[in-house]
Amino acid sequence: MNFDPFPRAFYDRSAQRVAAELLGHFFLRREEAGFSGGIIVETEAYLEDDAACHAAPGWTPRNRVMFGPPGYAYVYFIYGCHFCVNAVCLPPGRAEAVLFRAVTPDFSAELMRRRRGVALGRHIANGPGKLCQAMSIRRDLDGADLCDPQGRLMIAANPARQRFVREHGPVAVSKRIGITKCAGLPLRFFLSGSDCVSGSKRRRIKGG
């Protein structure tokens, strides 16, 4: 299967718009044996005027990728045990990002399952830390170019996206999960009919 990554201009916009539009498209990790990953079913947006955004305190060595060009991966370590991966948005010098919260385990599913040590498919990548463990995403992928068709991480267009969203939707929005700052903002987007979504499905339904 050939994959067509999104151009950099796709990410040169608000993370809120990008987070919603990524649902139903592919998030892929290139490995020696092929691709792992699947279809994005849950995201969260973190905005430049958002206290929960890692860029809110300003530039640091940890968050520097967020201030660079859009369309790159921002990977960070949290709680001393989990990695999380984001897509950087907005032009250089500004900083927003989309956190990937859940994907369907469609490519190298057995490899992803073994890495997670679970049996049920819906639990393989239904959370940001689980997703990174299943797809072997660590800090060395911080700064990976998501627009490179030969890169180690890629976000690619799904030609069957509209059908997938119809079958697993509708698209829903809720407050974000597991944060205390700006906790009430409706910046979590997910396909409400998907079994691979993490956390609660309490939501406000959107069109699309």
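Anything mentioned here points back to the structure above.
Description of the structure in this document. In this text, all values refer to a predicted model and were calculated from it rather than measured experimentally.

Cut-offs and rules
- Residues numbered from 1 in each chain as written.
- Predicted model: local features only at pLDDT ≥ 70, side-chain atom pairs only at ≥ 80, totals over all residues.
- Heavy atoms only, no water.
- Salt bridge = Lys/Arg side-chain N within 4 Å of Asp/Glu carboxyl O.
- Helix = DSSP H or I, 4+ residues; strand = E, 2+ residues; numbered from the N terminus.
- Buried < 20%, exposed > 50% of the residue type's maximum accessible area, 1.4 Å probe, protein only.
- Core = buried A, V, L, I, M, F, W, Y, C linked by side-chain atoms within 4.5 Å.
- Contact = heavy atoms within 4.5 Å.

Following the criterion strictly, the structure yields 13 salt bridges and no others. Across the pair R113 and E110 runs a salt bridge whose closest N-O atoms are separated by 2.8 Å. You can see R113 and its partner E110 sitting in helix α2 (residues 109-116), 3 residues apart, about one turn around the helix. Accessibility expressed as a relative area gives 27% for R113, which makes it partly exposed. Among the ionic contacts, a cluster of salt bridges with common partners joins E42, E44, R101 and R188.

Before going further, it helps to examine the nonpolar core. F27, V85, L131, I137 and I155 are the most contacted members of the largest nonpolar core, which totals 57 residues. Of the residues forming this core, the biggest block, 5 residues, is contributed by strand β2 (residues 34-46). The contacts of I155, once residues within four sequence positions are left out, are D4, P5, F6, Y11, L22, F26, F27, I40, A87, F100 and L146. Judged by nonpolar contacts, the second largest core, of 14 residues, contains C53, V65, Y76 and C84.

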